[in-house]
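Chain by chain, the residues:
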Amino acid sequence: MCRFGLFATRGGLSRPSTRPVVGRRRGERREHADPASGQAGGDRDSRRTDARPSRSAPASVFGLRSVAGQAFVWQLVVLLLLAAIAIVALVLKTTNDAQNDARHKALAVAAGFAHGPGLVQALQSPDPTAVLEPLTLAAQKGSGVDFVDVLSVDGIRYTDPLPSLIGQRAQGDIGRAAAGQSFTEIFKGFPQTAVRALVPIEDAHGKVVGLVATGVQTTDVTATVNRQLPVLFGAAAGAVVLAAGGAVLVSRHLRRQTHGLGPVEMTRMYEHHDAVLHSVREGVLILDADQRLVLANDEAQHLLGLRPDAEGLPLDQLGLEPGIAGLLASGRTVTDEVQPVGGRLLAVNLRPTAVHSGPAGFVATLRDTTELLAVADRADEARERLTLLYDAATRIGTTLDVTTTAQELADVAVPRLADLVSVNLLEDLLSGNDPAPGPLAGAALRRMANRSVHEGAPEAVVQVGEVANYTDDSPQARCLATGRSELYQAEDPSVGAWLAQDPARSAVSRRYGLHSWMEVPVIARGTTLGVVDFVRSRRPEPFQADDLRVAEELVARAAVCLDNARRFTREHTTAMALQHSLLPRRLPEQSAVDAAFRYLPADPRLGVGGDWFDVIPLSGARVALVVGDVVGHGIQASATMGQLRSAVRTLADADLAPDELLTQLDDLVLGMAADSGTDGASGAGGTEGTNAADPPAVADVGATCLYAVYDPVSGRCCLARAGHPAPVVVHPDGTTGLLELPAAPPLGVGGFPFEAVETELPEGSLLALYTDGLVETRRRPMDTGLEELRRALTTPDSPLETLCDQIVETLLPDGPADDDAALLLARVRRLDPRRIATWEVPADPAAVAGVRADAVRRLSAWGVEEDAFVTELIISELVTNAVKYGRAPIQLRLILAPPLRGPAGAPVRTLICEVSDSSGTAPHLRRARVFDEGGRGLLLVAQLTQRWGTRQTVNGKIIWCEQSLPNEM
């Protein structure tokens, strides 16, 4: 900027006069010639002419007849010839300078306009012509060029001074400019010469999106020089001498004034000076050391509102606003400091000019950033919306709970989008019913979440959990009916009518200043789930279309999460109900053990598990204890668990030994796996024999199981396991330990035998059966969990319910997270030997009567002689069949079990009758025909007893029956 000081004089700045452009006519041009084709690019329908006055001098005529006069005439002719040559040279130089001026000016204006703010956005607008036409006309008028056109990359005119040319293709080297090169070109043709500059318009990525064409028209003018001849040769010679001397003096003076700059530098500096003064779209102010205005270009005068004669005035007389005046008077170096001036925001840069020995003072540049600030504000708003949507993606749907998901949606939107957000879902939907697809008519809505800028959301008329019925003309009902989002204002008649129907809602609206609403339907997978209310009260600006789009995006994301949570809740509730229906709600009362249990489901997100337990009464006062764990989670695992539990109970009724029962159960699991398309328990077995190209399995079927049978008569317990942890036994003296059971693979693997172990348990011993979810977690290995379980069982005399709670609190204080946990505690009992009677029966029919009589006497001793007749018939039939069809040794055993509570609540005693022999043939119940002599014995037994059956033993079989004795002892 130092070069601007070269024109300064003592009285201020002297601007160089603008050189006349030869033949230039403002507002008129012709297209330039195409260098490649040589064709003229102009397509004007009319020629515009504007006569320009030329300089002339008055002519003098001398009539001299003397020799001196003739000599004078001769010298005058020579001088005139020299003058003519000088005029021709002057004309040629002026023409060349005019073309150079036109080139630089056109290029400077085109470059300045092409880099103007907002030009790329204008080209990308729906109607570029409407946006750019006023800008190009203003630029043409302010810069002094004859035309400023904006072209597409293909050369199609968006703007032109002649409307008829808009939309037509301009001629010339368009491809060169489209390739990103700025250049000027000259067209020589009728009627005038035109100079055009083409500059590409590039976006932020450097891509050419348009072109700017500016031009200055020139014509050849023949300068008429009125010649004045000196009267005397001496005057002519003196004129030459004086001209030469004056030329020397002027040259020296100009040399001092221009600091030795040559013509090229002076021309370039003039072009820059002229561009700064008139073409640059950035304000420039130059102040001298006394804070007087030295220079103010057109843009600075426009931005600051300076009057035309402001140059030379002190800074405090320019009429500037205090802020910008104080900044300029400070003289400090600043960069892009924003100052409000006349409703604009100007970015001010202030630098000293006393650098490199230049004149003292300051130069300030001013840039209008008002429009850029608005764009920046819109960009900030867009960035905030994107941040809001990003936060919604990370914060909504963290759980599979409908209420939590609804509250997360409300928490994200307040206060960044609305001052109050209410989430309402259909009541039928939350009840478990599937809503109808598509928009809905008026329906009851349950408030799932409220969030407000006020603590406790006092402006929410409906509280969380309450059900509200909205009328058909309410915004919520209309939103549900149309399935579209709506914007409402407090002054809308529909809103006024709606508020008038509910005085409480109207009063709250007035009290808190609710003025703007957005109603957005909650739609997921084509199904309407509810509606979300967005309300503003504290923020004064109403909702706009952009806010509605953001709200729709928020609700759309939340709708999928809500639907997933709803589906999960329904499925989980269904699965839990199925699981609970398949598990025992209470343990059956029996005389062999005292039992208690705990079942703890895992994290609901994993689905229901397949853990199960059971206590099954068996014949002979025995009891079966079962604990199992199905692989996987979900309804499939729960259904598999139900099948296995039913199968175990069925097989237990057949009085199978533990190892035989597990073998039968293993075959059943293999059959279930085959039916479901799998090869067995993928979690416990291998995948050997599978084909990688096979379709994925429908379900993995596999399980672990522990089966134990305890006999209270002998005190012996027989156990077998299939991939399940061994039970913990606590002896009456308090010592604990794991029962050593042979290891076996889980059910569903197949091909491996199961081995049972029999052990004697003292009366009062405690058995702890459990699943791995109780003792093993991600943070705790099974060995550590087993040790903690053993320590928790060191007080075996505690009540079983209390002991269960202590174990759960010790091992799973926060509940299971990864897997279900089941615990079954059983304290064993022994039957009173005095209530057990055994007789060895000879293989002789005559011995039946004696055995029957002995049994009746024992019943009398037990005090149940009133039922002796029925018992006598049963013993007679069973013993007779054993003698007749069985093999010795034959044994009769009667067991009077302790009284148990019956269905009606009264105590009921059970008399168990068992007849054993060494034959493996089991009798079958059949209905005898009229003339059959036999076949009615077992039918009679079945009619007189509550239960009967046959169980195989190592040496034969046992036929047993149970007879209820309702009378109290």
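Every value quoted in this text rests on a predicted model; they were computed, and no experiment measured them.

A. Region of interest: the overall build of the protein chain. Along the backbone of the protein chain there are 23 helices and 32 strands. Evaluated residue by residue, the protein chain yields a buried proportion of 45% over its 969 residues. Taking contacts inside the protein chain between residues at least 6 apart in sequence as the whole, the part at least 24 apart equals 64%. Of the accessible surface of the protein chain, which amounts to about 47,800 Å², a share of 54% is contributed by carbon and sulfur atoms.

B. Geometry of the sheet that holds strand 9 (residues 334-341). On the basis of which strands lie adjacent, the open sheet formed by five strands has the order 8-7-11-10-9 and antiparallel pairing. This sheet does not close on itself; its edge strands, each paired only once, are strand 8 (293-296) and strand 9. Going across the sheet, the axis of each strand differs from the next one's by a mean of 25°, ignoring polarity. Where strand 7 (residues 283-288) meets strand 8, three bridges bridge the pair, whose relative direction is antiparallel. Bridge pairing in strand 8 places Ile286 opposite Leu295.

C. Structural view of a nonpolar patch on the surface. Nonpolar side chains collect at one region of the surface, where Phe869, Leu873 and Leu940 lie side by side and expose about 280 Å² of accessible area between them. Mapping Phe869 onto the fold places it in helix 22 (residues 868-885). Using a relative accessible area of 58% as the deciding quantity, one classes Phe869 as exposed.

D. Representation of the side chain of Ser619 within the structure. Examined against the element boundaries, Ser619 turns out to sit in the loop between strand 19 (609-617) and strand 20 (623-633). Reaching out from Ser619, the side chain makes a polar contact with the side chain of Asp655 at a distance of 2.9 Å. A polar side-chain atom of Ser619 sits 2.6 Å from a polar atom in the side chain of Arg951. Setting aside residues up to four positions removed in sequence, Ser619 forms contacts with Asp655, Glu914, Arg951, Trp960 and Glu962.

E. Just the nonpolar core, in detail. In terms of nonpolar packing, the biggest core is built from 54 residues, with Trp612, Leu625 and Tyr707 touching the most fellow members. Those residues in contact with Trp612, other than ones at most four positions away along the chain, are Leu583, Val626, Val627, Gly628, Asp629, Val630, Met641, Leu644, Arg645, Val648, Thr704 and Cys705. Listed in part, the 45 residues of the second largest apolar core include Ala392, Leu417, Ala524 and Val531.

F. Local environment of the pattern of salt bridges. Applying the stated criterion across every chain yields a total of 35 salt bridges. One salt bridge connects Asp309 with Arg307, and the closest N-O pair in it is separated by 3.0 Å. The exposed category is assigned to Asp309, whose relative accessible area is 51%. For the salt bridge of Arg622 with Asp655, the shortest nitrogen-to-oxygen distance reads 2.6 Å. With Arg622 in the loop between strand 19 and strand 20 and Asp655 in the loop between helix 16 (635-653) and helix 17 (658-676), this residue pair connects regions lying 33 residues apart in the sequence. By relative accessible area, Asp655 is classed as buried at 9%.

G. Layout of the packing of helix 13 (residues 493-501) against helix 14 (residues 503-512). Here helix 13 crosses helix 14 at 120°, and the two axes come no closer than 5 Å. With respect to helix 14, the axis of helix 13 lies oblique. For the pair formed by helix 13 and helix 14, the contact residues are Trp498, Leu499 and Gln501 on the first element and Pro503, Arg505, Ser506 and Ser509 on the second. Residue composition of the contact of helix 13 with helix 14, by class: three nonpolar, three polar and one charged.

H. Quick peek at unusual backbone geometry. Omega for the peptide link from Val414 to Pro415 comes to 0°, which places this bond in the cis form. Along the chain, Pro415 falls in the loop between helix 10 (402-413) and strand 12 (420-426). Along the chain, Ala888 connects to Pro889 via a cis peptide bond; the corresponding omega equals 0°. Among the secondary structure elements, Pro889 is positioned in the loop between helix 22 and strand 29 (890-901). Despite not being glycine, Gln291 shows a phi value in the positive range, around 60°. By secondary structure assignment, the location of Gln291 is in the loop between strand 7 and strand 8.

Reading the values: rules and limits
Residues numbered from 1 in each chain as written. Predicted model: local features only at pLDDT ≥ 70, side-chain atom pairs only at ≥ 80, totals over all residues. Heavy atoms only, no water. Helix = DSSP H or I, 4+ residues; strand = E, 2+ residues; numbered from the N terminus. Buried < 20%, exposed > 50% of the residue type's maximum accessible area, 1.4 Å probe, protein only. Contact = heavy atoms within 4.5 Å. Areas by Shrake-Rupley, 256 points an atom, 1.4 Å probe, with all protein chains shown as cover. Pairing = 2+ DSSP bridges. Axes fitted to C-alpha atoms, helices over the stretch in contact; angles between N-to-C directions. Patch = residues over 30% accessible without salt bridge, like charges linked within 9 Å, V, L, I, M, F, W, Y side chains within 5 Å. Salt bridge = Lys/Arg side-chain N within 4 Å of Asp/Glu carboxyl O. Polar contact = N/O pair within 3.5 Å; in protein donor to acceptor, adjacent residues only side chain to side chain. Core = buried A, V, L, I, M, F, W, Y, C linked by side-chain atoms within 4.5 Å. Parallel < 35°, antiparallel > 145°, perpendicular 65-115°, else oblique. Nonpolar A, V, L, I, M, F, W, Y, C, P; charged D, E, K, R; others polar.

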